[in-house]
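Geometric and topological summary
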Amino acid sequence: MLNSTLSPSDVPSFNKYRIDKTLCAKATMQTIRAADTNEVVKLIFRESDNDRKVMLQLEKKLFDYFNQDVFRDNNGTALLEFDRELSVFKDRLYELDISFPPSYPYSEDSSQGKQYMNTRCPAWCDRILMSHSAKELILKSENDEKIVIYDHIGPNVCMGDHKNTTEFMDYVMALD
């Protein structure tokens, strides 16, 4: 059964990412429901013009987007506004600014180190969090020379379905 009036925000598992407004702004959506339960089982987003090419298909274990470059261009920072995983901890935990592309789910094919799998929406799943006191220690001193790097490891190499993150800090402290 098809129902084109349902939006992704009506489907709880898709509400969080607001995919419709970012990745498929110029697309029409087709909703496919299970005949026996009427549960939404698939969303298909097609271009509104041209040849109505499929832009995105979503199912329980499928996230098939036609242009994976959006997750790598400018390290995916255009999508960071939808990353709300840490909002519940904002008063207790801190994370440095993310400047690397989503760390999951990468292809496990050793010849495709930069390719995402089509099983989940790429996301920043691998994170380094710290207390606010640790943040102050790392970032507060303006007189000290410091280098702080927050990045992922092996951007061009297959390392499994996750790219591990690293935080490197190098300090030269001024002694008074």
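I will try to describe carefully the structure that is included in this document. (Residues numbered from 1 in each chain as written. Predicted model: local features only at pLDDT ≥ 70, side-chain atom pairs only at ≥ 80, totals over all residues. Heavy atoms only, no water.)

To continue, consider the overall build of the chain. A count of helical and extended segments in the chain gives 4 helices and 8 strands. Listed N to C, the secondary structure of the chain is α-α-β-β-β-β-α-β-β-α-β-β in terms of helices and strands. When burial is assessed residue by residue, the chain has 32% of its 176 residues classed as buried. By element, 49% of the accessible surface of the chain is carried by carbon and sulfur atoms, the whole surface being about 11,000 Å². (Helix = DSSP H or I, 4+ residues; strand = E, 2+ residues; numbered from the N terminus. Buried < 20%, exposed > 50% of the residue type's maximum accessible area, 1.4 Å probe, protein only. Areas by Shrake-Rupley, 256 points an atom, 1.4 Å probe, with all protein chains shown as cover.)

It is worth spelling out the nonpolar core at this point. Within the largest apolar cluster, 23 residues are counted, with the highest numbers of intra-cluster contacts made by L23, C24, F45, L56, F63, Y65 and F71. Only β2 (40-47), β3 (54-59) and β4 (62-65) provide two or more residues apiece to this core. (Core = buried A, V, L, I, M, F, W, Y, C linked by side-chain atoms within 4.5 Å.)

Turning to the side chain of E167, a few remarks are in order. By secondary structure assignment, the location of E167 is in strand β8 (residues 165-172). Here E167 occupies a buried position and makes no salt bridge, while the nearest side chain of opposite charge, R127, is found at 9.9 Å. Beyond its immediate stretch of four places on either side in the chain, E167 contacts L96, I128, M130, I138, I149 and Y150. (Lys, Arg positive; Asp, Glu negative; His and termini not counted. Salt bridge = Lys/Arg side-chain N within 4 Å of Asp/Glu carboxyl O. Contact = heavy atoms within 4.5 Å.)

Moving on: the pattern of salt bridges. The tally for this structure, following the rule as stated, stands at 4 salt bridges. Put simply, D69 and R72 hold a salt bridge, and the shortest N to O gap is 3.0 Å. On the criterion of helical spacing, the pair formed by D69 and R72 is a turn pair, its members being 3 residues apart in helix α3 (residues 69-72). A relative accessible area of 37% means that D69 is categorised as partly exposed. Taking the relative accessible area as the measure of exposure, R72 reaches 24% and is therefore partly exposed. The network of salt bridges with shared partners includes D83, E95 and R127.

Okay, the side chain of E95 next. Mapping E95 onto the fold places it in the loop between β5 (93-94) and β6 (130-131). Its relative accessible area of 12% is what places E95 among the buried residues. Filtering out sequence-adjacent residues up to four positions away, E95 remains in contact with L86, R127, I128, L129 and Y150.

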